Amino acid sequence: VQLQASGGGLVQAGGSLRLSCGASGRTFSSYSMGWFRQAPGKEREFVAGISPRGGSTYYADSVKGRFTISRDNAKNTAYLQMNSLKPEDTAVYYCAASRDLVTIIPGVYDYWGQGTQVTVSS
């Protein structure tokens, strides 16, 4: 599976962005998908995850109520809708695919996208 993240950019605090993660291959619907982010000087952290068929979603406490993860298996694409953005959301955002259940542990994920920069100005 090859993943391509897109949709990042510069936005003012309080604004919104939608990230997309396009996947190659015919088995996208069998993978759990996760979004992670990494700010300069910090470790990569879990943001949100979704089960293979989209029935279960998971969020970090820091984004709960502001971010929404979804997927369209017919389009081989996962999304991260980010609302009410804050300067502390500034980071490179990565999508990842796992053959296992959704987890907050980056090392469990089998495939990673290249990352897309999100910058939130105050």
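What counts, and where the lines are drawn
- Residues numbered from 1 in each chain as written.
- Predicted model: local features only at pLDDT ≥ 70, side-chain atom pairs only at ≥ 80, totals over all residues.
- Heavy atoms only, no water.
- Helix = DSSP H or I, 4+ residues; strand = E, 2+ residues; numbered from the N terminus.
- Rg over C-alpha atoms; globule rule 2.2 N^0.38 Å.
- Contact = heavy atoms within 4.5 Å.
- Areas by Shrake-Rupley, 256 points an atom, 1.4 Å probe, with all protein chains shown as cover.
- Pairing = 2+ DSSP bridges.
- Axes fitted to C-alpha atoms, helices over the stretch in contact; angles between N-to-C directions.
- Patch = residues over 30% accessible without salt bridge, like charges linked within 9 Å, V, L, I, M, F, W, Y side chains within 5 Å.
- Salt bridge = Lys/Arg side-chain N within 4 Å of Asp/Glu carboxyl O.
- Buried < 20%, exposed > 50% of the residue type's maximum accessible area, 1.4 Å probe, protein only.
- Core = buried A, V, L, I, M, F, W, Y, C linked by side-chain atoms within 4.5 Å.

Pulling in residues and values, what's your account of the overall build of the protein?
When its secondary structure is counted, the protein shows zero helices and 11 strands. Reading the helices (α) and strands (β) of the protein from amino to carboxyl end gives β-β-β-β-β-β-β-β-β-β-β. Relative to the 2.2 N^0.38 estimate, which gives 14 Å for 122 residues, the radius of gyration of the protein is 13 Å and therefore close to what a compact globule would have. Principal axes of the C-alpha set define a box for the protein whose edges measure 40 × 25 × 25 Å. Taking as baseline every contact in the protein between residues at least 6 positions apart, the subset at least 24 positions apart corresponds to 56%. Put simply, the protein shows about 6,300 Å² of open surface, and 47% of that area lies on carbon and sulfur atoms.

An account of the sheet that holds strand S7 (residues 67-72) is needed here, citing residue identities and associated values.
What the four strands build is an open sheet, ordered S1-S3-S8-S7; its pairing is antiparallel. The open sheet is flanked by strand S1 (3-6) and S7, the only strands paired with a single partner. Strand-to-strand, the axes of this sheet are offset by a mean angle of 15°, without reference to chain direction. Where S7 meets strand S8 (residues 77-82), six bridges bridge the pair, whose relative direction is antiparallel.

I'd like a rundown of a nonpolar patch on the surface, residues and numbers included.
On the surface, Ile104, Ile105 and Val108 cluster together into a nonpolar patch covering about 260 Å² of accessible area. Its place among the elements puts Ile104 in the loop between strand S9 (91-98) and strand S10 (111-112). On the accessibility criterion, Ile104 (58% relative accessible area) is exposed.

Account for the nonpolar core, with residues named and values stated.
Met33, Trp35, Val47, Phe67, Leu80, Met82 and Tyr93 are the most contacted members of the largest nonpolar core, which has 30 residues in total. Breaking this core down by element, the ones donating at least two residues are S1, strand S3 (17-23), strand S4 (32-38), strand S5 (45-50), S7, S8, S9 and strand S11 (116-121). Beyond its immediate stretch of four places on either side in the chain, Leu80 contacts Leu17, Arg18, Leu19, Trp35, Val47, Ala48, Phe67, Thr68, Ile69 and Tyr93.

The quantities given are spatial measurements derived from coordinates; they are silent on function.
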